[in-house]
Amino acid sequence: MPQNVIIAEKLETIPIEEIRSVKGEIIISESYPSYLVDESKISGGHAEYLFFPNDENEIVSIVQKIKEEEIMITVSAARTGIVGSAVPFGGAVLSLERMDKVLGLGYDEENEKWFVRVQPSIALNEINDIVKFKKFEDNQSIPPEKKWVEKFREVPTQYYPVDPTEMTASIGGTIAANASGARSFKYGPTRSWIRRIRVILGSGEVLDIKRGEYKAVNNTFVIKTSTEDLEVKIPDYKMPRAKNAAGLISGHDVDLIDLFIGSEGLFGVISEVDVWLKDYTSQISNVAFFKEESDAIDFVIKLRDNDEAKPEFIEFFDNNALDLLRNKQKEDPKFVNMPSISKSIKTAISFDLPYSEEDLEKNFNAISKILEECNSSLEGTWSGYEERELVRFKHFRHAVPEIVNNTIAERKKNHPDIHKLGTDMSVEDAHIKEMMSFYHQTLVEEELEYVMWGHIGDNHVHVNILPRNMEELQKGKEIYKIFAEKAVSFGGSVSAEHGIGKIKHEYLKIMYGEEGIQQMRVVKMSIDPDCVFNCGNIFGREVIK
Amino acid sequence: MLEVDIDACTGCKVCERVCPFAAIIVDPETKKAKVLDNCTLCGTCVNACKFDALSIERKAVSEEELLLYKDVFVWGEWERKEDKITTKNVVFELLGKGRELADKLGESLAVVLAGKDIDHLTEELFHYGADKVYLCKHELLEQYSTDGYATVISSVIAAEKPSVVLYGATPNGRDLAPRIAGRLALGLTADCTGLDIDESRQLIQTRPAFGGNIMASIYSPYTRPQMSSVRPNVFPKPKPDTAKQGVLEEFDVKLSPINIRTKIIEEIISKDEGVKIEEANILVSAGRGIGLKENLGLIYEMAEELDATVAGSRALIDLGWLPHPQQVGQSGKTVAPNLYFALGISGAIQHLVGMTSSDTIIAINKDPDAPIFKIADFGIVGDIFEIIPEFIKLLRMRKQSDL
Amino acid sequence: MKIVVLVKQVPEADKVAVDPETGTLIREGVASILNPYCEYALDEAVRLKESYTEKDIEVVAISMGPPQTKSALLRCLELGADKAYLLSDRKFAGSDVWATSTALKEGVSKLEPDFDLILTGKQAIDGDTAQVPAETAEQLGIPQITYGIEVKIDNKRIEVKRETDEGYQILSTRLPALVTMSKGSNIRRIPSMKQVLDSRRKPLDVVSADDLELDENKVGLKASPTQVSRVFAPPTKVGGDVIDGSDPKIAAQKLLEYLVNNKYLKDV
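Keep in mind it's a predicted model, so treat the numbers as computed, not measured.

(A) View of the overall build of chain C. When you go through chain C residue by residue, the secondary structure sums to six helices and 15 strands. Seen through its C-alpha atoms, chain C measures out along the principal axes to roughly 70 × 40 × 40 Å. Looking at chain C as a whole, 54% of its 268 residues qualify as buried. The positive charge centre, built from 36 side chains, and the negative charge centre, built from 42, are 2 Å apart in chain C.

Listed below in structure tokens is the structure:
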């Protein structure tokens with residue numbers, strides 16, 4: 001069979017009454033409101049059904065029932081997404097929360113990597129807890145006769161290296177979003193770590209897609225279901241070279257699994273996943289401080305290019321972000337849980353390095369040299385490598401967005417419609433300095449309150465605009481668009497990691513034009529012709545059948 | 001043997017002044033310290049000597065000598081509450097257990113009571129089971145001091161030779177007991193949760209080890225007395241017998257200001273009496289599962305409806321959301337209320353050791369595998385933020401229908 | 001002036017777990033850390049060193065434990081200790097409170113006989129017994145103040161703010177003395193990369209029982225007056241009913257019924 005053809009499996013169904021569910025828009029909105037929102041905090045979510053399937057057969061049974069009723073399904077797990085992908089606007093919510101188990105462990109001899117098989121709703125930190133502490137049962141080997149679990153106990157500690165900041169996110173959700181985070185600087189996004197997925201389609205049949213088994217031929221795949229052959233044409237628009245999570249993948253020899261990863265649930269429900277693992281390497285977390293932002297950016301560029309000390313990630317905090325921390329420290333020192341940062345510091349750069357006693361001196365001397373070239377030094381930096389210190393540094397890195405969210409929540413009390421404007425744009429390496437000064441210049445000119453922080457290693461710094469009133473919100477939205485255009489002109493993405501969801505489709509247009517979006521629609525309609533799944537995502541809520 | 005290093009001794013007479021038994025003097029001729037026959041090896045002088053001229057070489061005690069040690073002692077710790085001196089509850093709890101041990105040994109039970117205005121405490125100690133009270137009164141014992149109390153109690157022990165001495169593992173108990181153990185070269189088992197006498201008349205002291213993951217039985221075969229400390233609320237308080245009488249023996253205390261090297265300069269009693277979780281009948285205890293500090297509001301609301309006291313697991317104290325005196329668990333307090341609500345507490349062993357003696361434990365937790373359910377009398381797998389508001393509603397409805 | 005800080009390495013307590021089937025401790029993945037209260041003590045020592053510059057304070061960290069305890073001492077050096085000793089010897093194994101404090105006493109008095117102040121944590125989070133510091137002070141024949149939260153040095157005396165059940169006390173005693181710390185500054189220190197780098201060049205000596213002229217009859221299991229006769233799994237209480245709380249109304253109702261049936265709430 002050609003390598004672009006995949007056959008869908010049919011599964012047994014069970015009577016719908018046997019599946020735990022809640023029916024009725026009012027009951028759901030009153031008693032289960034948490035299923036109607038995610039971390040985007042967009043309002044107006046509503047649903048007529050809420051299902052809690054336990055396995056693939058139950059999902060298939062639900063899909064068939066929903067198809068009969070001609071309504072749509074919104075797939076939901078941890079709801080940690082921030083673009084509203086899990087927020088339903090009518091139809092049914094399929095909450096996968098009961099499918100949160102580890103199914104097994106195996107060794108991928110072809111790729112020379114361990115992998116763990118899990119259900120879609122398991123949280124990333126749960127996967128790592130089980131993997132790091134080797135909490136597997138002997139009967140969980142894949143396949144059983146290989147006794148991988150026993151062998152696994154002898155190998156060095158392994159882990160799943162994708163860290164999209166929010167570690168309570170579900171694996172399924174992070175696959176749908178192709179989540180990344182700071183560490184994608186070294187390890188790449190979710191896509192690089194997914195070995196295999198199972199996806200239930202709108203036909204109620206399931207695809208078992210293993211990386212490397214299905215490749216596009218002439219930009220085309222064929223999915224054979226029991227009733228028809230679905231012909232899928234992969235888009236051919238040019239994707240940015242910078243970090244990107246906006247829209248569907250394009251290209252010539254795309255692997256089928258990569259079409260599904262990052263598709264924001266447009267094609268089906270992920271029901272099972274194999275993720276690859278890697279050797280756990282000890283880390284040493286550091287924060288360096290600068291009196292000028294330009295010195296900090298120079299440091300980032302030199303750090304990125306140096307051959308001695310290879311950072312795991314590089315994170316940026318501008319002076320406004322540091323001010324937020326400084327103010328918070330005065331009122332609640334435990335919240336930040338770090339020593340106070342002097343007013344003379346304008347920028348902080350946080351970076352992790354691999355930690356070993358043998359390399360410590362070499363690495364630190366290399367960093368010392370770069371710091372001195374950039375008008376800073378090892379003195380006054382922060383450094384820690386014990387497990388609890390790593391947790392502490394991590395908490396520090398996350399404190400800024402948390403304070404921003406709290407500030408916005410406070411402002412909502414007076415202006416209920418106010419929300420944070422958080423950009424998620426990347427640019428190519430060569431343009432990072434220009435982009436940073438463009439951000440500052442524009443925002444200062446417009447007199448908006450803002451902070452900048454994030455993944456500068458990938459030229460992917462988040463700008464958070466904190467509007468104080470509705471007028472500023474409006475102004476911020478206009479500026480957002482200007483930033484998006486600028487980022488695209490610098491070879492970047494309008495959404496480097498959060499995805500498009502239900503709130504960023506207008507910026508997607510800036511990247512790919514109406515034509516590109518039309519190509520995505522074609523893919524959507526060829527795999528999910530009845531428009532069963534997550535229809536508002538990527539395209540906005542006005543999808544044409 | 002108490003040894004005098006003649007070269008180091010300056011003849012300053014501090015030892016003579018501090019010895020509770022007048023058993024060391026400075027020889028008027030040699031101008032050096034000289035040990036008399038009535039020395040009990042209590043160690044007071046060794047501590048007081050500024051020139052390191054005194055030392056005690058303690059030899060292993062022979063089996064025959066071990067048999068000479070008799071009776072169970074309890075340190076009679078008291079506290080001052082609104083200018084009234086009362087015996088600490090833990091002393092009564094220890095008397096209950098001490099009575100049991102003394103009966104098994106066929107020996108008597110005594111309290112060593114040190115202080116200044118403490119005569120009024122003795123009666124009650126008899127009611128709770130003491131056969132005898134050693135009353136050690138002195139001006140300098142008006143307030144607790146490590147040196148003053150260690151000196152007096154070491155002297156009583158050295159002179160009276162009990163087989164068992166029990167201390168409450170209170171802040172002062174933990175300050176005092178190791179000091180005495182160090183002075184008399186004795187074993188000391190801290191934070192015992194079980195005490196018993198075995199067939200060879202040894203005190204078997206059981207305590208949690210490795211953070212409560214295993215229990216260890218410990219004994220001290222070659223030294224006497226055998227000393228243990230026990231946390232408050234571990235043993236039940238016995239019923240007092242108001243008819244019971246006992247023997248009061250005043251123990252002559254010799255104490256000089258130079259004994260007490262540490263001086264209290266200032267005492268700050270916080271006005272806010274603080275929350276006493278160890279005395280509460282109902283505890284509503286919250287853990288990491290509550291997520292945000294703001295959510296404590298709900299916990300307080302529920303506690304108010306139940307007339308309960310709020311406590312927390314270590315996680316919340318570490319985060320600074322609750323003060324340390326409200327911490328339940330190994331590094332906090334041991335509690336034994338009638339009713340204990342564990343809300344969002346997974347039940348790490350360090351927490352469990354601090355609350356398992358509660359009469360009834362109710363647990364609500366999202367994680368069905370949380371260890372707390374293994375010990376809960378009634379458990380609910382679910383979201384505390386959904387269930388508690390409903391529960392509060394029900395409680396309020398009952399109150400209204402009551403009116 | 002010289003401050004000795006006695007420290008202990010402990011497992012990060014809330015992660016120690018028991019295998020439910022075998023009843024053995026699961027140590028895998030459990031990190032060892034410098035006992036938090038010991039870190040407070042070290043923090044206070046470094047604070048004193050920084051605030052009494054005229055006294056030219058030297059901070060020496062001493063610990064007793066297996067060879068891997070070095071990492072806790074390394075952390076002390078990173079945080080500002082000037083040198084460190086690890087008392088490590090198989091002969092120390094099995095030490096109880098008495099034997100541990102004997103070894104520490106010998107360590108302090110032989111390695112740093114001219115010490116002025118000893119700071120320790122109020123207790124270790126793995127045992128929580130809080131007995132070793134006081135017994136060490138007794139063996140050294142020096143006064144002690146437990147549960148300190150702040151130390152001030154005044155010539156040959158110290159003033160210590162001490163936590164009590166009822167509030168605070170300010171105590172004063174002469175040096176040399178031992179103080180146990182129950183709190184430190186609100187935020188734990190973080191070493192700089194420079195301090196981390198420098199700490200690798202500071203002296204960290206391993207000291208054996210022979211170095212301290214201690215034979216087996218003085219330390220370790222043989223010298224311990226207390227002996228462990230038996231270890232066993234803690235008695236397991238059998239849990240009661242666990243109900244599904246996915247419907248909060250029903251769950252709350254059932255909870256109420258349980259409390260009424262068990263007479264914690266009266267029937268209405």
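(B) Up close: the packing of helix 1 (residues 36-51) of chain C against helix 2 (residues 70-79) of chain C. All names here are of chain C. Two numbers describe how helix 1 lies on helix 2: the axes approach to 10 Å, and their chain directions differ by 30°. In terms of axis orientation, helix 1 runs roughly parallel to helix 2. As helix 1 runs across helix 2, the sense of the crossing is right-handed. Mapping the contact onto sequence places E39, L42 and V46 in helix 1 and R75, C76 and L79 in helix 2. Looking at the contact of helix 1 with helix 2 residue by residue, the class counts come to four nonpolar, no polar and two charged.

(C) Layout of the interface of chain B and chain C. The interface is formed by 83 residues belonging to chain B together with 80 residues belonging to chain C. Both faces combined, the contact of chain B with chain C buries some 7100 Å², and carbon together with sulfur accounts for 55% of it. One can count three salt bridges joining chain B with chain C. The residue R162 of chain C makes a salt bridge to D175 of chain B at a minimum N-O spacing of 3.9 Å. Counting across the interface, chain B meets chain C through 23 residue pairs in polar contact (both at pLDDT 80 or more). In terms of residue count, the dominant contributor to the side of chain B that touches chain C is helix 7 (residues 171-184) of chain B (ten residues). Two strands pair when backbone bridges link them, and strand 14 (residues 214-219) of chain B and strand 14 (residues 227-232) of chain C are joined in this way by five bridges, in the antiparallel orientation. Across the sheet, residue A216 of chain B finds its bridge partner in strand 14 of chain C, namely V231 of chain C.

(D) Seen up close, the domain arrangement of chain C. One can read the domain layout of chain C as domain 1 (2-223) and domain 2 (237-268). Computed over C-alpha atoms, the centres of domain 1 of chain C and domain 2 of chain C are 48 Å apart.

(E) Region of the structure containing the domain arrangement of chain A. Residues and elements named next belong to chain A. Annotation of chain A at the domain level lists domain 1 (14-96), domain 2 (102-279) and domain 3 (283-489). Between the C-alpha centres of domain 1 and domain 2 there is a distance of 23 Å. Facing the 14 residues of domain 1 at the interface are 19 residues of domain 2. Of the roughly 1200 Å² buried where domain 1 meets domain 2, counting both sides, 61% is carbon and sulfur surface. Of all residues in domain 1, E56, T80 and L96 bury the most surface against domain 2, accounting for 39% of the area lost on that side. Applying the counting criterion to the domain 1 and domain 2 interface returns one salt bridge. We note a salt bridge from E56 to R198, for which the minimum N-O separation is 2.7 Å. Put simply, domain 1 and domain 2 have four residue pairs in polar contact (both at pLDDT 80 or more) between them. Counting residues per element, the side of domain 1 that touches domain 2 draws most heavily on helix 2 (residues 56-69), which supplies six residues. Grouping the constituent residues of the side of domain 1 that touches domain 2 by class yields eight nonpolar, four polar and two charged.

(F) Quick look at the pairing of strand 13 (residues 203-209) of chain B. Residue and element names in this part refer to chain B. Burial analysis of strand 13 places seven of its seven residues in the buried class, which makes it a mostly covered element. Side chains L203, Q205, R207 and A209 of strand 13 all project onto a buried face; the interleaved residues I204, T206 and P208 project onto the opposite face, where all are buried too. When strand 12 (residues 194-197) meets strand 13, the two strands line up antiparallel, connected through four bridges. Within the sheet, the bridge partner assigned to L195 lies in strand 13 and is Q205. Counted between consecutive antiparallel strands, the loop separating strand 12 from strand 13 contains five residues, among which R201 sits at a positive phi close to 65°.

(G) View of the sheet that holds strand 18 (residues 347-354) of chain A. Residues and elements named next belong to chain A. Taken together, the seven strands give an open sheet; going across it, the order is 19-16-18-17-21-22-20, and neighbouring strands pair in antiparallel fashion. Of all strands in the sheet, those with a lone pairing partner are strand 19 (382-384) and strand 20 (421-422), marking the two edges. Bridge count for strand 16 (residues 283-290) against strand 19 is three bridges, and the pairing is antiparallel. Across the sheet, N286 pairs through a bridge with S383, a residue of strand 19. Seen against the sheet, helix 8 (residues 293-305) touches strand 16, strand 17 (313-317) and strand 18 and runs at an angle of roughly 15° to strand 18.

(H) Expanded view of the interface of chain A and chain C. Of the residues lining the interface, 31 residues belong to chain A; the matching set on chain C comes to 25 residues. For the pair chain A and chain C, the summed buried area comes to about 2600 Å², and 56% of that belongs to carbon and sulfur atoms. Its largest share of buried area at the contact with chain C, chain A owes to F133, Y385 and R388 of chain A, together 23% of the area lost on that side. Between R75 of chain C and E389 of chain A there is a salt bridge, with the nearest N and O atoms lying 3.8 Å from each other. At the surface where chain A touches chain C, the tally comes to nine residue pairs in polar contact (both at pLDDT 80 or more). Contributions of two or more residues to the side of chain A that touches chain C are made by helix 10 (333-336), helix 11 (357-373), strand 19 and helix 12 (387-412) of chain A.

(I) Structural context of unusual backbone geometry. The omega angle of the peptide bond from I142 of chain A to P143 of chain A is -15°, so this bond is cis rather than trans. With respect to the element layout, P143 of chain A can be found in the loop between helix 3 (124-132) and helix 4 (148-152). The residue after R224 of chain B, namely P225 of chain B, is reached through a cis peptide bond having omega -5°. With respect to the element layout, P225 of chain B can be found in the loop between strand 14 and strand 15 (226-230). The phi dihedral of D56 of chain C falls on the positive side, at around 50°, and the residue is not glycine.

(J) Here's a closer look at the pairing of strand 18 of chain A. Residues and elements named next belong to chain A. The buried count for strand 18 comes to seven of eight residues, which makes it a mostly enclosed element. Note that strand 16 and strand 18 share eight bridges and pair antiparallel. Bridge pairing in strand 18 links S285 to D352.

(K) View of the packing of aromatic side chains. Applying the stated criterion across every chain, the model contains 29 aromatic pairs over all chains. Here the aromatic rings of W114 of chain A and F152 of chain A are separated by 5.0 Å at their centres, their planes lie at 65°, and the arrangement is edge-to-face. Residue W114 of chain A is located in strand 8 (residues 113-118), and its partner F152 of chain A is located in helix 4; the two are separated by 38 residues in the primary sequence. Residue classification places W114 of chain A among the buried positions, given a relative accessible area of 8%. Here W382 of chain A and F396 of chain A contribute two aromatic rings whose centre-to-centre distance is 5.2 Å and whose plane-to-plane angle is 75°, an arrangement assigned as edge-to-face. Highlighted residues: W382 of chain A in strand 19 and F396 of chain A in helix 12, separated in sequence by 14 residues. Here W382 of chain A matches F396 of chain A in class, with each residue buried. Each residue in the set Y107, W114, F136, W148 and F152 of chain A is aromatic and connected to the rest through ring pairs, giving one cluster. It is K151 of chain A that lies over the ring of W148 of chain A; its NZ or CZ is 4.8 Å from the centre. The ring of Y168 of chain C has K161 of chain C sitting right over it, with the charged end atom 4.5 Å from the ring centre.

(L) Representation of the packing of helix 8 of chain A against helix 11 of chain A in the model. Residue and element names in this part refer to chain A. The contact between helix 8 and helix 11 brings their axes to 9 Å, and the two run at 150°. For the element pair helix 8 and helix 11, the recorded crossing hand is right-handed. The residues of helix 11 that touch helix 8, namely those facing F299, K302 and L303, are I367, I370, L371 and E373. Here the contact of helix 8 with helix 11 is composed, by residue class, of five nonpolar, no polar and two charged.

Criteria and cut-off values
Residues numbered from 1 in each chain as written. Chains lettered and ligands numbered in written order. Predicted model: local features only at pLDDT ≥ 70, side-chain atom pairs only at ≥ 80, totals over all residues. Heavy atoms only, no water. Helix = DSSP H or I, 4+ residues; strand = E, 2+ residues; numbered from the N terminus. Buried < 20%, exposed > 50% of the residue type's maximum accessible area, 1.4 Å probe, protein only. Lys, Arg positive; Asp, Glu negative; His and termini not counted. Charge placed at Lys NZ, Arg CZ, Asp CG, Glu CD. Axes fitted to C-alpha atoms, helices over the stretch in contact; angles between N-to-C directions. Parallel < 35°, antiparallel > 145°, perpendicular 65-115°, else oblique. Left-handed = near helix turned anticlockwise from the far one by under 90°. Contact = heavy atoms within 4.5 Å. Nonpolar A, V, L, I, M, F, W, Y, C, P; charged D, E, K, R; others polar. Buried area = accessible area lost by both parts, 1.4 Å probe. Salt bridge = Lys/Arg side-chain N within 4 Å of Asp/Glu carboxyl O. Polar contact = N/O pair within 3.5 Å; in protein donor to acceptor, adjacent residues only side chain to side chain. Pairing = 2+ DSSP bridges. Domains from an automatic or database assignment. Phe/Tyr/Trp six-rings, centres within 6.5 Å; stacked < 30°, edge-to-face > 60°. Lys NZ or Arg CZ within 6 Å of the ring centre and 35° of its normal.

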